[in-house]
Amino acid sequence: PRSRCRTPARYSDCSGRLEPFSAVAPDTSSAGTKMYSYVGSSPAAQVKVSDSPAYGKLPPPAVEKKGVMVYRAGERVGFSELKHHVGWMEKHPSNGCVYAAGSGKLRAYKVAADGMLEEFSSADALGNPAHFCLSADGAWALCANYSASTLSVLPIAADGSVGAATDSKHHVVRLNPQLADRQEACHPHQVRLDPGSGAWALACDLGASRVWVYAFDVARGSLAGAANSERHLLLPEASGPRHLDFHPAKPWVYVLCELDGNIVGCRWDAEQGRLTPFGSYYTLPDGVSPCRAHHSGGSHVLVSADGRCLYATTRTDGAVVAFDIDTATGELAFKQRVPCGGVCPRSFVLDYASPGGPLLLVGNQDSQNVASFSVATDGSLSLRSIEELDGVCPNVLTAPA
């Protein structure tokens, strides 16, 4: 059995790549600035899907707590119990609040002096967000609503409260009925703003095998662009793009496709809002086909802060895969594959503030743990420890402030 250790779960923003942040609690006493980290819950995944890789190999967990596990300086300090699971979490860039998606709403939380969360505002997200991101100025939240086939924009007021949606996009396209096992409708799984300008919103749509690209008006909170715009990136119909990440220094975007096991490297034209593919890179071992079952394909992708490595989690084989990035061309070269330390690695983050050196932390949804990997100077990974979560299936890892 795995031992429960004191590994911290210090995490980041909507991308998961940025360094952790100090959470400034509403308490203005001498307690001062405190560092907190959070692990948001979900139901179990592969163990409930009959055609998934883990079905029958691990019993469903006896307990599936709803809420957020709270850590401070590597020590678990408590559990904020909620009435719903957490689709995604993010810290606000300036107001000290935490935002989370749950049960069809975007929710705002105050951070107490002990790191616990208290909800004080919510608004209809026009669907059930699988992901959302906050604009750089903290005035807007953009939500990707998987089941509703929608993107939505919600305002965040000066007091941190969430307002009614100011804009939305509903996607309907003609799809191949032979792919209706997973791609029977449009399913936006992630939305990211161009970190350079904030002027473009890119949304990975697993069902439509597209990356939607819309102009974002930060003054009005609106998305501009027709459904047939040439800006949208159309990928092979069975690919199922799930998440993407931007290179921190070069005009490159890497799109992880859940259903066909590939990462698509693209050149990003921030002036025109256009993605142009330059390469496709397989994430699974030779001879291993991607599993199209729910919760069973590629799950998350991040580029390292120095832009030299790319990491992805693959749930078909339960692994973290690393690639070297050619800093002149953006091309990927396979580097390493390591077991994820559990079952169903859904989300992960990179932590550059750990006293023992950089860490990659993976939330293993079905085994209810977080595996911590040391990141060497060349970007290679080695398992450091595993933190058992005592009844929480980890869905998202973040470092609010």
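These numbers come from a predicted model, not from an experiment.

Cut-offs and rules
Residues numbered from 1 in each chain as written. Predicted model: local features only at pLDDT ≥ 70, side-chain atom pairs only at ≥ 80, totals over all residues. Heavy atoms only, no water. Salt bridge = Lys/Arg side-chain N within 4 Å of Asp/Glu carboxyl O. Helix = DSSP H or I, 4+ residues; strand = E, 2+ residues; numbered from the N terminus. Buried < 20%, exposed > 50% of the residue type's maximum accessible area, 1.4 Å probe, protein only. 1 Å grid on protein atoms, 1.4 Å probe; cavity = no way out; pocket = protein on both sides within 12 Å on 5 of 7 lines; lining within 4 Å. Points joined across faces, edges and corners; volume = space filled by probe spheres on them. Pairing = 2+ DSSP bridges. Axes fitted to C-alpha atoms, helices over the stretch in contact; angles between N-to-C directions. pLDDT = per-residue confidence, 0-100. Contact = heavy atoms within 4.5 Å. Phe/Tyr/Trp six-rings, centres within 6.5 Å; stacked < 30°, edge-to-face > 60°. Lys NZ or Arg CZ within 6 Å of the ring centre and 35° of its normal. Disulfide = S-S within 2.5 Å.

## Some words on the pattern of salt bridges
One pass over the structure, following the stated rule, counts 13 salt bridges. The salt bridge involving Arg192 is made with Asp245; its shortest N-O contact spans 3.1 Å. A residue pair is termed long-range when its members are at least 10 positions apart, and Arg192 in strand E12 (residues 188-193) and Asp245 in strand E17 (residues 241-246) qualify at 53 residues. By relative accessible area, Arg192 is classed as buried at 5%.

## A word on the layout of surface pockets
Within this model, the largest pocket holds a volume of roughly 560 Å³. Lining the largest pocket are 26 residues, and of these Pro43, Asn128, His295, Arg346 and Asn395 sit closest to its centre. Listed by contribution, the elements that provide at least two residues to the lining of the largest pocket are strand E1 (36-42), strand E5 (98-102) and strand E8 (129-134).

## Focus: the sheet that holds E17
The strand order across the open sheet formed by 4 strands is E17-E18-E19-E20, and the pairing between neighbours is antiparallel. Because the sheet does not close on itself, it has two edges, and the strands there are E17 and strand E20 (274-282). The mean inter-strand angle of the sheet, taken between neighbouring strand axes irrespective of direction, is 25°. Bridge count between strand E19 (residues 262-269) and E20: 8 bridges; the pairing is antiparallel. Residue pairing for E20: Asp269 is matched across the bridge by Arg274.

## A look at the confidence of the model for the protein
Residues with a pLDDT of 70 or more make up 90% of the protein, whose mean pLDDT is 91. In the model, residues 1-14 has pLDDT below 50 throughout and makes 68 contacts with residues more than four positions away in sequence or in other chains. Between residues 16-34, whose pLDDT stays under 50, and residues either more than four places distant or in other chains, the model counts 52 contacts.

## Some remarks on the pairing of strand E14 (residues 210-217)
Of all 8 residues in E14, 6 are buried; the element is thus mostly enclosed. Sheet topology places strand E13 (residues 200-205) next to E14; 6 bridges connect them, and they run antiparallel. By the bridge assignment, Ala201 is partnered in E14 with Tyr214. Connecting the antiparallel pair E14 and strand E15 (residues 222-224) is a turn made up of 4 residues, with Gly221 showing a positive phi of about 70°.

## So, the packing of aromatic side chains
Remark: the centre distance and the inter-plane angle together describe each pair of aromatic rings, the angle taken between the planes. Across all of its chains, the model carries 4 aromatic pairs by this definition. Measuring from ring centre to ring centre gives 6.4 Å for Tyr254 and Phe278, while their planes differ by 90°; the resulting arrangement is edge-to-face. Of this pair, Tyr254 sits in strand E18 (residues 252-257) while Phe278 sits in strand E20; the two residues are 24 residues apart in sequence, bridging distant segments of the chain. Accessibility expressed as a relative area gives 0% for Tyr254, which makes it buried. Positioned above the aromatic ring of Phe120, the side-chain terminus of Lys110 is 5.3 Å from the ring centre.

## Considering unusual backbone geometry
A positive phi angle, close to 65°, is found at Ser149, a residue other than glycine. Along the chain, Ser149 falls in the loop between strand E9 (140-145) and strand E10 (150-155). We classify Ser149 as buried; its relative accessible area is 6%. Phi is positive for Gln368, which is not a glycine, with a value near 55°. With respect to the element layout, Gln368 can be found in the loop between strand E26 (359-364) and strand E27 (369-375). Looking at Gln368, the relative accessible area reads 12%, which means it is buried.

## Some words on the sheet that holds E8
The 4 strands are arranged E8-E9-E10-E11 in an open sheet whose pairing can be described as antiparallel. Edge positions in the open sheet fall to E8 and strand E11 (167-170), since each of these has one partner strand only. Mean inter-strand twist for the sheet, computed between neighbouring axes without regard to direction, equals 15°. Here E8 runs beside E9; their pairing, made up of 5 bridges, is antiparallel. In the sheet register, Leu134 faces E9, and the bridge partner there is Ala141.

## Let's talk about the state of the cysteines
Within this structure, the stated rule accounts for 0 disulfides. In this model Cys257 remains outside any disulfide bridge; the closest cysteine sulfur is found in Cys204, 7.9 Å from its own.

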